[in-house]
Amino acid sequence: MIKKAMPAGRQGFTLVELLVVIAILAIAVTFILTIFTSSLRGSNKSQIVSTIKQNGQSVLETMDKNVRNSDNVVCPSITPPATTASSTNLVVVSKGTYTRYRFIAPSPPVNPTVNGLIQQDNPAKQTVLGIEETDPEFINRVCTLTDPMQGVNILTDTNPQTGVSAVNGLFTRSRQAGSRDSVTIRFDLSPGISAPAVIAGQIDPVTFQTTIQLR
């Protein structure tokens, strides 16, 4: 009796099967990368938004405390009959100590490389040739936007990628008969100027504002 030989088992894959496997792997890798990228962007976006909120609240708290407890607002100065005045420069005085705040726009204006800033310093009278400047001279100088700030304390995160950029900052001083002056602080914070465009484009500037009545 003659036995038939069994056909040898097939080994390997055909070209079609290889192409199908490669296609499935490519789809799986693309799907995983999409999920990972979306998760990463969402995490970065949340982190930037959190940084913006933290910076804004910190700045408002610092200014609120100093302005509210000040004895007087030096500038912006109000010229009657006007009852309000606005500037990117705010100077207050408390017990003889002056505190100045200034909004610095992103630099340069076109395609900026430096974040917009919110700065603070404590200006003092200058003495030239042994003669100390008068009160009017001092006030006129410190209220001038071109006067260099000394010993600057920057209140916002200046990191161009993970920090914040201050824009549209303005101090408004208001005066009403029978009451002390009030100061309205308003500014917008946006992502740092070098933050990834794909993320920064999803985040609108956040507005921070408060009105402080002097005691």
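Preceding this paragraph is the structure being described.
How each quantity is defined
- All residue numbers refer to position in the chain's written sequence, counted from 1.
- In view of the model being predicted, local features appear only for residues whose pLDDT reaches at least 70, and side-chain atom pairs are presented and counted only at 80 or more, with totals across whole chains, interfaces and linings using the full set of residues.
- Values shown for side chains rest on all heavy atoms present in the structure; no hydrogens or waters enter the calculation.
- Only strands that DSSP links by at least two bridges are regarded as paired with each other.
- In this description a helix means any DSSP run of H or I spanning at least four residues, a strand means any run of E spanning at least two, and both kinds are numbered starting from the N terminus.
- Nonpolar cores are built from buried Ala, Val, Leu, Ile, Met, Phe, Trp, Tyr and Cys residues. Side-chain atoms within 4.5 Å join them into one set.
- Here's how the labels work: a residue is buried when its accessible area is under 20% of the maximum for its type, exposed when over 50%, partly exposed in between, all with a 1.4 Å probe on protein chains only.
- Any two residues whose heavy atoms approach within 4.5 Å at even a single point are treated as in contact.
- A pair of sulfur atoms, both from cysteines and within 2.5 Å, is called a disulfide here.

Draft legend 1. Representation of the sheet that holds strand 3 (residues 89-94) within the structure. Within the open sheet, the 5 strands sit side by side as 1-3-4-5-8. Their pairing is antiparallel. The open sheet is flanked by strand 1 (72-75) and strand 8 (153-154), the only strands paired with a single partner. Where strand 4 (residues 97-104) lies against strand 5 (residues 117-121), 5 bridges are found, and the strand directions are antiparallel. Bridged to Ile104 within strand 5 is Leu117.

Draft legend 2. Focus on the nonpolar core. Within the largest apolar cluster, 26 residues are counted, with the highest numbers of intra-cluster contacts made by Met63, Leu90, Ile118, Ile185 and Phe187. Those elements that place two or more of their residues in this core are helix 1 (15-68), strand 3, strand 4, strand 9 (164-174), strand 10 (182-191) and strand 11 (206-213). A total of 6 residues in this core trace back to one element, the largest contributor, which is helix 1. For Ile185, the residues in contact, after removing those within four places along its chain, are Leu60, Met63, Phe103, Leu170, Phe171, Phe208, Gln209, Thr210 and Ile212. Counting residues in hydrophobic clusters, the runner-up holds 7 residues, among them Cys75, Val93, Tyr98 and Val142.

Draft legend 3. Expanded view of the state of the cysteines. According to the stated counting rule, one finds 1 disulfide in the structure shown. Through a disulfide, Cys75 is tied to Cys143; the S-S separation comes to 2.4 Å. Between Cys75 and Cys143, the S-S torsion sits near -105 degrees, and that sign places the bridge as left-handed. On the criterion of sequence distance, the pair formed by Cys75 in strand 1 and Cys143 in the loop between helix 2 (135-142) and strand 8 is long-range, its members being 68 residues apart. In this structure Cys143 comes out as partly exposed when scored by relative accessible area, which is 22%.

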